[in-house]
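Listed here are the chains, written in short residue letters.
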Amino acid sequence: MQQSQSVSTKKIMSRRKIIINNFLICTGFLVAATAVATVFSYISDSLINVSMFYILSVLMIARYTDGYVPGIIASIVCTVFINLVFTYPYMELNFHMRGYPITFLCMLTVATITSAATTRMKAQSIILNEREKLLMEAEKEKMRANLLRAISHDLRTPLTSIIGTSSTYLENSDTLSDSEKSALIQNISDDSNWLLNMVENLLSITRIRDGNTQVTKIPEPLEEVVSAAVLRLKKRIPTAIIKVQVPDDFIMIPMDATLIEQVLINLMENAFYHGNSNMPIHLNTYIQDNMAWFQVSDYGPGIPGDRLSTIFDGATYTSQSTDSRKGMGIGLSICKTIISAHNGKITASNIADGARITFNLPLGG
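Residues numbered from 1 in each chain as written. Predicted model: local features only at pLDDT ≥ 70, side-chain atom pairs only at ≥ 80, totals over all residues. Heavy atoms only, no water.

Looking at the sheet that holds strand 6 (residues 346-351)
- Judged by pairing direction, the sheet is mixed, and its five strands sit side by side in the order 2-4-5-7-6 without closing on themselves. Of all the strands in the sheet, just strand 2 (242-245) and strand 6 have a single pairing partner and so form its edges. Strand after strand, the sheet turns through a mean of 20 degrees between neighbouring axes, direction not considered.
- Sheet topology note: the strand 5 (residues 291-298)/strand 7 (residues 354-362) ladder contains eight bridges and is antiparallel. Each residue of the ladder has a partner; that of methionine 291, found in strand 7, is proline 362. (Pairing = 2+ DSSP bridges. Helix = DSSP H or I, 4+ residues; strand = E, 2+ residues; numbered from the N terminus. Axes fitted to C-alpha atoms, helices over the stretch in contact; angles between N-to-C directions.)

The structure is reproduced here in C-alpha coordinates:
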(Lines give C-alpha, C1' and ligand atoms only; values in the text may rest on other atoms or scores of the structure.)
Protein backbone atom coordinates (compact mmCIF):
# COMPACT_ATOMS: atom_id res chain seq x y z
CA MET A 1 0.00 0.00 0.00
CA GLN A 2 2.76 2.43 0.96
CA GLN A 3 4.65 1.59 -2.23
CA SER A 4 1.52 2.26 -4.30
CA GLN A 5 1.01 5.61 -2.57
CA SER A 6 4.66 6.48 -3.15
CA VAL A 7 4.35 5.72 -6.87
CA SER A 8 1.14 7.77 -7.06
CA THR A 9 2.82 10.69 -5.28
CA LYS A 10 5.76 10.57 -7.70
CA LYS A 11 3.39 10.62 -10.68
CA ILE A 12 1.55 13.64 -9.27
CA MET A 13 4.83 15.46 -8.61
CA SER A 14 6.06 14.63 -12.09
CA ARG A 15 2.82 15.85 -13.62
CA ARG A 16 3.00 19.11 -11.66
CA LYS A 17 6.59 19.60 -12.78
CA ILE A 18 5.57 19.12 -16.43
CA ILE A 19 2.67 21.58 -16.08
CA ILE A 20 4.88 24.22 -14.42
CA ASN A 21 7.58 23.69 -17.03
CA ASN A 22 5.05 24.02 -19.87
CA PHE A 23 3.60 27.19 -18.31
CA LEU A 24 7.01 28.82 -17.95
CA ILE A 25 7.99 27.93 -21.53
CA CYS A 26 4.69 29.22 -22.94
CA THR A 27 4.93 32.44 -20.96
CA GLY A 28 8.55 33.03 -21.96
CA PHE A 29 7.98 32.58 -25.70
CA LEU A 30 4.72 34.59 -25.71
CA VAL A 31 6.31 37.48 -23.84
CA ALA A 32 9.29 37.43 -26.23
CA ALA A 33 7.00 37.30 -29.27
CA THR A 34 4.91 40.19 -27.93
CA ALA A 35 7.99 42.30 -27.24
CA VAL A 36 9.43 41.76 -30.72
CA ALA A 37 6.04 42.22 -32.39
CA THR A 38 5.54 45.51 -30.53
CA VAL A 39 8.85 46.82 -31.83
CA PHE A 40 7.99 45.83 -35.41
CA SER A 41 4.48 47.29 -35.13
CA TYR A 42 6.08 50.72 -34.67
CA ILE A 43 8.40 50.13 -37.63
CA SER A 44 5.81 48.64 -39.95
CA ASP A 45 2.03 48.59 -39.93
CA SER A 46 1.94 45.14 -41.52
CA LEU A 47 -0.10 42.73 -39.44
CA ILE A 48 1.45 39.82 -41.34
CA ASN A 49 4.87 40.39 -39.73
CA VAL A 50 3.30 40.48 -36.29
CA SER A 51 1.42 37.26 -37.05
CA MET A 52 4.62 35.53 -38.14
CA PHE A 53 6.32 36.25 -34.82
CA TYR A 54 3.43 34.69 -32.93
CA ILE A 55 3.31 31.68 -35.23
CA LEU A 56 7.05 31.24 -34.64
CA SER A 57 6.45 31.37 -30.89
CA VAL A 58 3.77 28.67 -31.27
CA LEU A 59 6.29 26.50 -33.13
CA MET A 60 8.87 26.92 -30.38
CA ILE A 61 6.29 26.21 -27.67
CA ALA A 62 5.20 23.03 -29.44
CA ARG A 63 8.85 22.02 -29.79
CA TYR A 64 9.89 22.49 -26.16
CA THR A 65 6.72 21.53 -24.25
CA ASP A 66 5.09 18.17 -23.59
CA GLY A 67 1.78 17.24 -25.23
CA TYR A 68 -0.57 18.92 -27.69
CA VAL A 69 -2.39 21.18 -25.22
CA PRO A 70 0.30 23.90 -24.69
CA GLY A 71 0.65 24.50 -28.43
CA ILE A 72 -3.10 24.67 -29.03
CA ILE A 73 -3.66 27.00 -26.06
CA ALA A 74 -0.77 29.15 -27.29
CA SER A 75 -2.40 29.30 -30.73
CA ILE A 76 -5.64 30.67 -29.21
CA VAL A 77 -3.76 33.11 -26.98
CA CYS A 78 -1.71 34.40 -29.93
CA THR A 79 -4.84 34.94 -32.01
CA VAL A 80 -6.52 36.88 -29.19
CA PHE A 81 -3.36 38.92 -28.55
CA ILE A 82 -3.10 40.02 -32.17
CA ASN A 83 -6.73 41.10 -32.18
CA LEU A 84 -6.52 42.80 -28.80
CA VAL A 85 -3.13 44.54 -29.05
CA PHE A 86 -2.25 44.99 -32.70
CA THR A 87 -5.56 45.69 -34.50
CA TYR A 88 -7.81 48.72 -34.30
CA PRO A 89 -9.57 49.47 -31.99
CA TYR A 90 -6.63 48.70 -29.71
CA MET A 91 -7.09 46.89 -26.40
CA GLU A 92 -10.56 45.79 -27.49
CA LEU A 93 -11.65 42.49 -29.01
CA ASN A 94 -13.37 43.13 -32.31
CA PHE A 95 -14.19 40.23 -34.61
CA HIS A 96 -16.94 42.10 -36.51
CA MET A 97 -14.73 44.20 -38.75
CA ARG A 98 -14.73 43.25 -42.42
CA GLY A 99 -12.46 40.29 -43.18
CA TYR A 100 -11.23 39.85 -39.61
CA PRO A 101 -13.21 36.73 -38.69
CA ILE A 102 -11.85 34.83 -41.71
CA THR A 103 -8.31 36.15 -41.18
CA PHE A 104 -8.16 35.15 -37.54
CA LEU A 105 -9.92 31.85 -38.11
CA CYS A 106 -7.31 30.96 -40.75
CA MET A 107 -4.48 32.03 -38.45
CA LEU A 108 -5.87 30.00 -35.57
CA THR A 109 -6.23 26.97 -37.86
CA VAL A 110 -2.70 27.31 -39.24
CA ALA A 111 -1.21 27.80 -35.77
CA THR A 112 -3.13 24.86 -34.33
CA ILE A 113 -2.22 22.51 -37.19
CA THR A 114 1.41 23.65 -36.99
CA SER A 115 1.47 23.03 -33.25
CA ALA A 116 -0.07 19.58 -33.61
CA ALA A 117 2.31 18.64 -36.45
CA THR A 118 5.35 19.83 -34.52
CA THR A 119 4.27 17.91 -31.42
CA ARG A 120 3.67 14.79 -33.49
CA MET A 121 7.10 15.06 -35.10
CA LYS A 122 8.67 15.43 -31.67
CA ALA A 123 6.81 12.34 -30.44
CA GLN A 124 7.97 10.38 -33.48
CA SER A 125 11.53 11.54 -32.88
CA ILE A 126 11.31 10.29 -29.28
CA ILE A 127 10.01 6.92 -30.51
CA LEU A 128 12.85 6.64 -33.03
CA ASN A 129 15.40 7.49 -30.35
CA GLU A 130 13.95 4.83 -28.07
CA ARG A 131 14.12 2.26 -30.85
CA GLU A 132 17.70 3.21 -31.54
CA LYS A 133 18.55 2.79 -27.86
CA LEU A 134 16.91 -0.66 -27.84
CA LEU A 135 18.91 -1.67 -30.91
CA MET A 136 22.12 -0.43 -29.28
CA GLU A 137 21.32 -2.38 -26.11
CA ALA A 138 20.64 -5.50 -28.18
CA GLU A 139 23.97 -5.00 -29.96
CA LYS A 140 25.74 -4.61 -26.61
CA GLU A 141 24.14 -7.80 -25.29
CA LYS A 142 25.21 -9.64 -28.42
CA MET A 143 28.73 -8.32 -28.00
CA ARG A 144 28.80 -9.39 -24.33
CA ALA A 145 27.64 -12.88 -25.27
CA ASN A 146 30.26 -13.14 -27.99
CA LEU A 147 32.94 -11.91 -25.61
CA LEU A 148 31.98 -14.53 -23.03
CA ARG A 149 32.17 -17.28 -25.64
CA ALA A 150 35.51 -15.97 -26.87
CA ILE A 151 36.89 -15.71 -23.35
CA SER A 152 35.84 -19.25 -22.48
CA HIS A 153 37.54 -20.56 -25.62
CA ASP A 154 40.69 -18.46 -25.58
CA LEU A 155 41.35 -18.98 -21.88
CA ARG A 156 40.62 -22.71 -21.95
CA THR A 157 42.98 -23.43 -24.86
CA PRO A 158 46.27 -22.18 -23.32
CA LEU A 159 45.26 -23.44 -19.86
CA THR A 160 44.70 -26.93 -21.28
CA SER A 161 48.09 -26.73 -22.97
CA ILE A 162 49.81 -25.60 -19.75
CA ILE A 163 48.18 -28.38 -17.74
CA GLY A 164 49.05 -31.01 -20.35
CA THR A 165 52.64 -29.84 -20.72
CA SER A 166 53.26 -29.58 -16.97
CA SER A 167 51.74 -33.06 -16.43
CA THR A 168 54.05 -34.46 -19.10
CA TYR A 169 57.02 -32.86 -17.40
CA LEU A 170 56.07 -34.12 -13.92
CA GLU A 171 55.21 -37.66 -15.02
CA ASN A 172 58.23 -38.16 -17.26
CA SER A 173 60.89 -35.93 -15.73
CA ASP A 174 63.20 -38.89 -15.07
CA THR A 175 63.17 -40.03 -18.69
CA LEU A 176 63.20 -36.66 -20.47
CA SER A 177 66.40 -35.16 -21.82
CA ASP A 178 67.47 -31.64 -20.90
CA SER A 179 66.48 -30.34 -24.33
CA GLU A 180 63.03 -31.92 -24.05
CA LYS A 181 62.58 -30.43 -20.60
CA SER A 182 63.61 -27.00 -21.90
CA ALA A 183 61.15 -27.31 -24.78
CA LEU A 184 58.29 -28.17 -22.39
CA ILE A 185 59.17 -25.29 -20.07
CA GLN A 186 59.37 -22.94 -23.07
CA ASN A 187 55.87 -24.04 -24.13
CA ILE A 188 54.57 -23.34 -20.64
CA SER A 189 56.23 -19.91 -20.69
CA ASP A 190 54.78 -19.06 -24.10
CA ASP A 191 51.26 -20.08 -23.11
CA SER A 192 51.58 -18.17 -19.83
CA ASN A 193 52.55 -15.03 -21.73
CA TRP A 194 49.57 -15.57 -24.02
CA LEU A 195 47.32 -15.77 -20.96
CA LEU A 196 48.89 -12.56 -19.66
CA ASN A 197 48.06 -10.88 -22.98
CA MET A 198 44.43 -11.93 -22.67
CA VAL A 199 44.27 -10.57 -19.12
CA GLU A 200 45.64 -7.27 -20.43
CA ASN A 201 42.87 -7.30 -23.03
CA LEU A 202 40.25 -7.83 -20.35
CA LEU A 203 41.74 -5.03 -18.25
CA SER A 204 41.66 -2.79 -21.31
CA ILE A 205 37.98 -3.43 -21.89
CA THR A 206 37.16 -2.62 -18.26
CA ARG A 207 38.61 0.86 -18.83
CA ILE A 208 35.52 1.54 -20.92
CA ARG A 209 32.79 2.46 -18.45
CA ASP A 210 29.98 -0.05 -18.10
CA GLY A 211 26.83 1.19 -19.84
CA ASN A 212 28.69 3.95 -21.65
CA THR A 213 30.98 3.06 -24.52
CA GLN A 214 32.63 6.48 -24.55
CA VAL A 215 36.19 6.88 -23.30
CA THR A 216 38.16 9.77 -21.92
CA LYS A 217 40.23 11.08 -24.81
CA ILE A 218 43.36 13.23 -24.51
CA PRO A 219 45.38 14.54 -27.48
CA GLU A 220 48.37 12.19 -27.92
CA PRO A 221 51.24 12.26 -30.45
CA LEU A 222 50.58 9.63 -33.12
CA GLU A 223 54.25 8.70 -33.49
CA GLU A 224 54.72 8.12 -29.74
CA VAL A 225 51.66 5.87 -29.46
CA VAL A 226 52.75 3.77 -32.44
CA SER A 227 56.31 3.56 -31.11
CA ALA A 228 55.14 2.47 -27.65
CA ALA A 229 52.93 -0.26 -29.16
CA VAL A 230 55.76 -1.62 -31.31
CA LEU A 231 58.19 -1.65 -28.35
CA ARG A 232 55.69 -3.54 -26.18
CA LEU A 233 55.13 -6.09 -28.93
CA LYS A 234 58.89 -6.57 -29.45
CA LYS A 235 59.29 -7.34 -25.75
CA ARG A 236 56.59 -9.98 -26.04
CA ILE A 237 57.71 -11.35 -29.44
CA PRO A 238 61.39 -10.51 -29.99
CA THR A 239 61.45 -12.25 -33.39
CA ALA A 240 58.68 -10.08 -34.83
CA ILE A 241 59.79 -7.73 -37.65
CA ILE A 242 57.67 -4.57 -37.87
CA LYS A 243 57.99 -1.98 -40.62
CA VAL A 244 56.41 1.31 -39.52
CA GLN A 245 55.41 4.28 -41.65
CA VAL A 246 54.09 7.46 -40.03
CA PRO A 247 53.40 10.97 -41.43
CA ASP A 248 56.27 13.44 -41.42
CA ASP A 249 54.08 16.03 -39.73
CA PHE A 250 53.56 16.12 -35.96
CA ILE A 251 50.03 14.74 -35.47
CA MET A 252 48.00 14.93 -32.26
CA ILE A 253 45.00 12.56 -31.99
CA PRO A 254 42.36 12.60 -29.23
CA MET A 255 42.44 9.08 -27.74
CA ASP A 256 42.94 6.88 -24.74
CA ALA A 257 46.55 6.01 -25.54
CA THR A 258 46.64 2.82 -23.46
CA LEU A 259 43.60 1.39 -25.24
CA ILE A 260 44.83 2.29 -28.73
CA GLU A 261 48.24 0.78 -27.96
CA GLN A 262 46.45 -2.42 -26.95
CA VAL A 263 44.54 -2.41 -30.24
CA LEU A 264 47.77 -2.04 -32.24
CA ILE A 265 49.45 -4.80 -30.22
CA ASN A 266 46.51 -7.15 -30.77
CA LEU A 267 46.50 -6.51 -34.51
CA MET A 268 50.27 -6.88 -34.92
CA GLU A 269 50.29 -10.02 -32.79
CA ASN A 270 47.50 -11.54 -34.87
CA ALA A 271 49.40 -10.60 -38.03
CA PHE A 272 52.53 -12.32 -36.68
CA TYR A 273 50.87 -15.58 -35.66
CA HIS A 274 48.22 -15.88 -38.38
CA GLY A 275 50.33 -14.45 -41.20
CA ASN A 276 52.75 -17.36 -40.69
CA SER A 277 55.25 -15.64 -42.94
CA ASN A 278 58.88 -14.56 -42.80
CA MET A 279 57.92 -11.25 -44.38
CA PRO A 280 57.77 -8.16 -42.11
CA ILE A 281 54.49 -6.89 -40.70
CA HIS A 282 53.66 -3.43 -42.03
CA LEU A 283 52.11 -0.77 -39.79
CA ASN A 284 51.13 2.20 -41.93
CA THR A 285 49.50 5.41 -40.63
CA TYR A 286 48.28 8.41 -42.58
CA ILE A 287 45.85 11.35 -42.36
CA GLN A 288 42.86 11.67 -44.68
CA ASP A 289 39.42 13.37 -44.48
CA ASN A 290 40.11 14.68 -40.96
CA MET A 291 40.72 11.11 -39.78
CA ALA A 292 43.84 9.26 -38.66
CA TRP A 293 44.08 5.91 -40.45
CA PHE A 294 45.98 2.85 -39.20
CA GLN A 295 46.70 -0.22 -41.35
CA VAL A 296 48.31 -3.45 -40.13
CA SER A 297 49.21 -5.76 -43.02
CA ASP A 298 50.70 -9.25 -43.09
CA TYR A 299 51.86 -11.36 -46.02
CA GLY A 300 50.36 -14.74 -45.22
CA PRO A 301 47.38 -16.82 -46.41
CA GLY A 302 44.83 -14.06 -45.71
CA ILE A 303 41.49 -14.28 -43.93
CA PRO A 304 38.92 -16.89 -45.00
CA GLY A 305 36.21 -15.21 -47.05
CA ASP A 306 33.38 -16.38 -44.79
CA ARG A 307 35.13 -14.78 -41.81
CA LEU A 308 35.61 -11.26 -43.16
CA SER A 309 32.17 -10.01 -42.15
CA THR A 310 32.16 -11.63 -38.69
CA ILE A 311 35.80 -11.52 -37.65
CA PHE A 312 35.17 -8.76 -35.08
CA ASP A 313 32.03 -10.23 -33.52
CA GLY A 314 33.87 -12.25 -30.87
CA ALA A 315 33.25 -15.67 -32.42
CA THR A 316 36.25 -17.91 -32.00
CA TYR A 317 38.31 -19.18 -34.86
CA THR A 318 41.23 -21.54 -34.82
CA SER A 319 43.53 -22.23 -37.73
CA GLN A 320 44.77 -25.64 -38.76
CA SER A 321 47.77 -25.22 -36.51
CA THR A 322 47.71 -26.78 -33.05
CA ASP A 323 49.39 -23.70 -31.62
CA SER A 324 47.27 -22.52 -28.69
CA ARG A 325 48.08 -18.94 -29.58
CA LYS A 326 46.19 -19.12 -32.86
CA GLY A 327 42.78 -18.13 -31.48
CA MET A 328 41.23 -15.01 -33.07
CA GLY A 329 38.31 -14.45 -30.71
CA ILE A 330 38.52 -12.01 -27.84
CA GLY A 331 41.37 -9.83 -29.17
CA LEU A 332 39.64 -8.62 -32.33
CA SER A 333 36.28 -8.23 -30.60
CA ILE A 334 37.90 -5.99 -28.02
CA CYS A 335 39.61 -4.04 -30.79
CA LYS A 336 36.22 -3.27 -32.31
CA THR A 337 34.80 -2.23 -28.93
CA ILE A 338 37.71 0.13 -28.28
CA ILE A 339 37.64 1.70 -31.74
CA SER A 340 33.84 2.12 -31.61
CA ALA A 341 34.23 3.83 -28.24
CA HIS A 342 36.57 6.31 -29.97
CA ASN A 343 33.90 6.97 -32.65
CA GLY A 344 36.03 5.20 -35.24
CA LYS A 345 35.55 2.19 -37.51
CA ILE A 346 37.57 -0.98 -38.01
CA THR A 347 37.46 -3.29 -41.04
CA ALA A 348 39.22 -6.39 -42.33
CA SER A 349 40.18 -7.16 -45.92
CA ASN A 350 42.41 -9.41 -47.96
CA ILE A 351 45.13 -7.90 -50.11
CA ALA A 352 47.00 -9.44 -53.03
CA ASP A 353 49.44 -11.34 -50.83
CA GLY A 354 48.01 -11.30 -47.31
CA ALA A 355 45.50 -9.67 -44.98
CA ARG A 356 44.98 -6.13 -43.74
CA ILE A 357 43.15 -4.67 -40.75
CA THR A 358 42.29 -0.96 -41.04
CA PHE A 359 40.84 1.37 -38.44
CA ASN A 360 40.43 5.13 -38.15
CA LEU A 361 40.15 7.72 -35.38
CA PRO A 362 38.58 11.19 -35.71
CA LEU A 363 41.08 14.02 -35.38
CA GLY A 364 38.35 16.18 -33.92
CA GLY A 365 37.74 13.96 -30.91
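Details of the state of the cysteines
- Tallied over the full model, the rule gives zero disulfides.
- Here cysteine 26 stays unpaired: no disulfide links it, and the sulfur of cysteine 78, its closest cysteine neighbor, is 9.3 Å away.
- The class of cysteine 26 is buried, set by a relative accessible area of 13%.
- Residue classification places cysteine 78 among the buried positions, given a relative accessible area of 1%. (Disulfide = S-S within 2.5 Å. Buried < 20%, exposed > 50% of the residue type's maximum accessible area, 1.4 Å probe, protein only.)

Here we look at the packing of helix 6 (residues 222-236) against helix 7 (residues 257-275)
- One way to put it is that helix 6 packs onto helix 7 with a least axis distance of 9 Å and a crossing angle of 50 degrees. Here helix 6 lies oblique to helix 7, going by the angle between them. Like other packed secondary-structure pairs, helix 6 and helix 7 cross with a definite hand, here right-handed. On the side of helix 6, the interface is formed by Val225, Val226, Ala228, Ala229, Val230, Arg232, Leu233 and Arg236, while helix 7 contributes Ala257, Ile260, Glu261, Gln262, Leu264, Ile265, Met268 and Glu269.
- Tallied by class, residues from the contact of helix 6 with helix 7 come to 11 nonpolar, one polar and four charged. (Parallel < 35°, antiparallel > 145°, perpendicular 65-115°, else oblique. Left-handed = near helix turned anticlockwise from the far one by under 90°. Contact = heavy atoms within 4.5 Å. Nonpolar A, V, L, I, M, F, W, Y, C, P; charged D, E, K, R; others polar.)

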